[in-house]
Amino acid sequence: MASKATLLLAFTLLFATCIARHQQRQQQQNQCQLQNIEALEPIEVIQAEAGVTEIWDAYDQQFQCAGVDFIRHRIQPGGLLLPSYVNTPILAFVERGRGIQGVILPGCPETYEYSQEQQFSGEGGRRGREGNQDRHQKVENLKEGDVVAIPTGTAHWLHNDGNTELVVVVFLDTQNHENQLDENQRRFFLAGNPQAQAQSQQQQQRQPRQQSPQRQRQRQRQRQGQNAGNIFNGFTPELIAQSFNVDQETAQKLQGQNDQRGHIVNVGQDLQIVRPPQEQQQGRRSPRQQQEGRRSPRQQQQEQQQGRRGGWSNGVEETICSMKFKVNIDNPSQADFVNPQAGSIANLNSFKFPILEHLQLSVERGELRPNAIQSPHWTINAHNLLYVTEGALRVQIVDNQGNSVFDNELREGQVVVIPQNFAVIKRANEQGSRWVSFKTNDNAMIANLAGRVSAISSMPVDVVANAYQLSREDAQQLKFSQRETVLFAPSFSRGQGIRASA
């Protein structure tokens, strides 16, 4: 009798789980029934002692459709973004400035340390006796154009060691399979008291529409996830003191209850960190990299594919403790498409940046010359978050019913989400434009509609003629008149495809 009851309970739980997953998928699909997409700007600002964090509305329908979140840190010179970790994978892009990034990998050794000679001789020895006999995990020098990948739940910190503001945009994939919590990004701080100066300022001028009570409750939950104290605050000082073998006063400082500085604190420019010189970290090539340079791209791709068959592998036989977390996407060698008269596009996928295979994300960096056009296209296997870093783009987005859901100018600092398979076309304004796109697939692929390698040019002439009711001559002209591949210079676009709205 007991076994029958147990079996019935198991079937009931299985049925309930299937229903819940079906409802979750249905809800996500309904979120993508977008009839009108808008250019988005931050709606809240969290202030701190040495900077601010600007937050986009995670409950906007665009973000809900793609299952993503987006924030921007503005860190003043000498500012330190306190250590924290998040329940989602992170892709960060350095928009302006320079800094130092630390990513703390569990179980990996502290390989950056002062030598014995440095501790006991000369100026280095004097500093060592003063308590600077330090060792820690490796750190990265950051500069404009760097993309940083941070796995789910991995602690990290960021310091602005430059003389200008450090601006970093952060993309979070809340629907990633490694997020076992709900579809909200939750940041767990290891230090400070973030809620002390987290004065969320609703920018009503940027969001004039009225919010429903449900939307207000969602926004309240988002604030609670962002404006909490650090994780030590929930433990008792006695257990903290015993765990670290320190006194009660130090344990209470770990809790940060009296810290009024917020989540970005001012530490000045004298932060003592063991790190390689800027030029050494960026300029020297390891023997492994030199050996890779002697192999053809085809050989490297075959090795990566062989590594993938054995499970999670970054493709170049690196361990998790030595893998790369940073690549500069502005490096000219990263460009995949270049047209000197039109611009360039660089794609950063798991073949170029192996850790992205684990994160299941990728990045695109684009630049268009004044009035140049990127071929109309759709992304086959990913959602796409487009963020303009310079200038402005005229963007048109079309859904599966042929309806225009977005037809507007996207200005610097604005964001728009392009759902999977929605067709899009971009044209730069008179000053040109640059952007960065974050995609929810580690090898996102696009299909072009126009150009030398496109859906139209790949069809037989008679198929084109009959599909569009054209003569055979007109179909041939449609197929072959555009000789460029992806990026079209103004001289190649007759200016009639996209007209500025009145």
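For every chain, the first residue of the written sequence is number 1, and numbering continues from 1 onward in sequence order. For a predicted model such as this one, the threshold for reporting local features is a pLDDT of at least 70, and the threshold for listing and counting side-chain atom pairs is 80 or more; totals across whole chains, interfaces and linings nevertheless cover every residue. With hydrogens and water excluded, all non-hydrogen atoms of the structure serve as input to the side-chain values.

### So, the sheet that holds strand β3 (residues 68-75)
Inference 1: Strands pair, by our definition, only if DSSP identifies at least two bridges between them. Numbering of helices and strands runs from the N terminus; a helix is a DSSP stretch of H or I covering at least four residues, while a strand is a stretch of E covering at least two. With respect to topology, 7 strands assemble into an open sheet ordered β1-β2-β3-β12-β5-β10-β15, the strand pairing being antiparallel. Of all the strands in the sheet, the pair left with one neighbour each is β1 (44-48) and β15 (326-328). Each strand of the sheet is rotated relative to its neighbour by a mean of 20°, with strand direction disregarded.
Inference 2: In this structure, β3 lies alongside strand β12 (residues 166-173), joined through 8 bridges in antiparallel fashion. Looking at β12, one finds that Ile-71 is bridged to Val-170. Here, axes are lines fitted to C-alpha atoms. For helices the fit covers the stretch in contact, and angles between N-to-C directions go from 0 to 180 degrees.

### Re the packing of helix α6 (residues 237-244) against helix α7 (residues 248-255)
Inference 1: Taken N-terminus to C-terminus, the directions of α6 and α7 make an angle of 110°; their axes are 8 Å apart at the nearest point. Here α7 runs roughly perpendicular to α6, going by the angle between their axes. Where α6 approaches α7, its residues Pro-237, Glu-238, Ile-240, Ala-241 and Phe-244 are matched on the opposing element by Gln-248, Ala-251, Gln-252, Leu-254 and Gln-255.
Inference 2: The nonpolar class holds Ala, Val, Leu, Ile, Met, Phe, Trp, Tyr, Cys and Pro. Asp, Glu, Lys and Arg form the charged class, and all remaining residues, Gly among them, are polar. Classifying every residue of the contact of α6 with α7 gives 6 nonpolar, 3 polar and 1 charged. Roughly parallel means an angle under 35 degrees; roughly antiparallel, over 145; roughly perpendicular, 65 to 115; everything else is oblique. Any pair of residues with heavy atoms lying within 4.5 Å of one another is described as a contacting pair.

### Let's talk about the environment of Gly-366
Inference 1: Along the chain, Gly-366 turns up in strand β18 (residues 362-368).
Inference 2: It is 8.1 Å that separates the C-alpha atoms of Gly-366 and Ser-437, two residues lying 71 residues apart in sequence.

### Quick word on the pattern of salt bridges
Inference 1: One speaks of a salt bridge when a side-chain nitrogen belonging to Lys or Arg is within 4 Å of a carboxyl oxygen belonging to Asp or Glu. Using the criterion set out here, one finds 17 salt bridges in the structure.
Inference 2: A salt bridge links Glu-54 to Arg-72, with the nearest nitrogen and oxygen atoms 2.5 Å apart. Of this pair, Glu-54 sits in strand β2 (residues 51-55) while Arg-72 sits in strand β3, placing them 18 residues apart in sequence.
Inference 3: Remark: exposure states derive from per-residue accessible area (1.4 Å probe, protein chains only) relative to the maximum for the residue type, with buried under 20%, exposed over 50%, and partly exposed in between. Judged by its relative accessible area of 11%, Glu-54 is buried.
Inference 4: Three or more residues are tied together by salt bridges with common partners; here these are Glu-54, Arg-72, Arg-74 and Glu-165.

### A look at the nonpolar core
Inference 1: Counting residues in each nonpolar core, the largest one holds 53 residues, and the members touching the most others are Phe-63, Phe-70, Leu-91, Leu-385 and Phe-438.
Inference 2: At 6 residues, β12 tops the list of elements feeding residues into this core.
Inference 3: With near-sequence residues (within four places) excluded, Leu-385 lies in contact with Phe-63, Val-68, Phe-70, Phe-171, Val-415, Val-416, Val-417, Val-436, Ser-437 and Phe-438.
Inference 4: Within the second largest apolar cluster, 24 residues are counted, among which are Ala-342, Phe-406, Val-486 and Leu-487. Here the nonpolar core consists of buried residues drawn from Ala, Val, Leu, Ile, Met, Phe, Trp, Tyr and Cys, with membership extended through side-chain atoms lying within 4.5 Å.

### Things to note about unusual backbone geometry
Inference 1: In this structure, Gln-360 takes a positive phi of about 60° despite not being glycine.
Inference 2: Within the secondary structure, Gln-360 is located in the loop between α11 (356-359) and β18.

### Focus on the packing of aromatic side chains
Inference 1: Two rings from Phe, Tyr or Trp (for Trp, the six-membered ring) form a pair when their centres sit within 6.5 Å of each other. Planes less than 30 degrees apart are called stacked, planes more than 60 degrees apart edge-to-face, and all others tilted. All chains considered together, the criterion is met by 7 aromatic pairs.
Inference 2: Centroid distance Trp-56 to Phe-70: 4.9 Å. Interplanar angle 70°. Geometry classified as edge-to-face. Residue Trp-56 is located in the loop between β2 and α2 (61-66), and its partner Phe-70 is located in strand β3; the two are separated by 14 residues in the primary sequence. Of the two residues, Trp-56 and Phe-70, both sit in the buried class.
Inference 3: Taking the centre distance of 6.1 Å and the plane angle of 55° together, the rings of Phe-70 and Phe-438 count as tilted. Here the residue Phe-70 occupies a position in strand β3, and Phe-438 occupies one in strand β23 (residues 423-439), the gap between them amounting to 368 residues. Side by side, Phe-70 and Phe-438 carry an identical accessibility label, which is buried.

### A closer look at the side chain of Asn-328
Inference 1: Within the secondary structure, Asn-328 sits in strand β15.
Inference 2: Accessibility expressed as a relative area gives 16% for Asn-328, which makes it buried.
Inference 3: Side chain to side chain, Asn-328 and Asp-146 meet in a polar contact 2.8 Å long.
Inference 4: A distance of 3.1 Å separates the side chain of Asn-328 from the backbone nitrogen of Asp-330, its partner in a polar contact. For this analysis, a polar contact is any N or O atom pair within 3.5 Å, provided that within protein one partner can donate a hydrogen and the other can accept it, and provided that sequence-adjacent residues contribute only side-chain to side-chain pairs.

### Some details on the state of the cysteines
Inference 1: By convention in this document, the label disulfide applies to cysteine sulfur atom pairs within 2.5 Å. Tallying each qualifying case throughout the model produces 2 disulfides.
Inference 2: Here Cys-32 is linked by a disulfide to Cys-65, with a sulfur-sulfur distance of 2.0 Å. Between Cys-32 and Cys-65, the disulfide has an S-S torsion of 100° and is therefore right-handed. With a gap of 33 residues between them, Cys-32 in the loop between α1 (2-31) and β1 and Cys-65 in helix α2 connect regions that are remote in the sequence.
Inference 3: Paired by a disulfide, Cys-108 and Cys-321 hold their sulfur atoms 2.0 Å apart. Taking the torsion about the S-S bond as the criterion, the Cys-108 to Cys-321 disulfide, at about -85°, is left-handed. Pair noted here: Cys-108 is in the loop between β6 (99-104) and β7 (112-113) and Cys-321 is in the loop between α10 (297-308) and β15, with a separation of 213 residues, a long-range link.
Inference 4: Cys-108 sits in the buried class, given a relative accessible area of 9%.

### As for α6
Inference 1: Taken as a whole, α6 has its buried residues at Pro-237, Ile-240 and Ala-241. Take α6 and look down its axis: the buried residues cluster within an arc of 100°, on one side only. Away from its buried face by more than 90 degrees, α6 exposes Leu-239, Gln-242 and Ser-243.
Inference 2: Residue Asn-245 follows α6 closely and has a positive phi angle near 60°. Note that the arc is computed from the directions linking the helix axis to the C-beta atoms.

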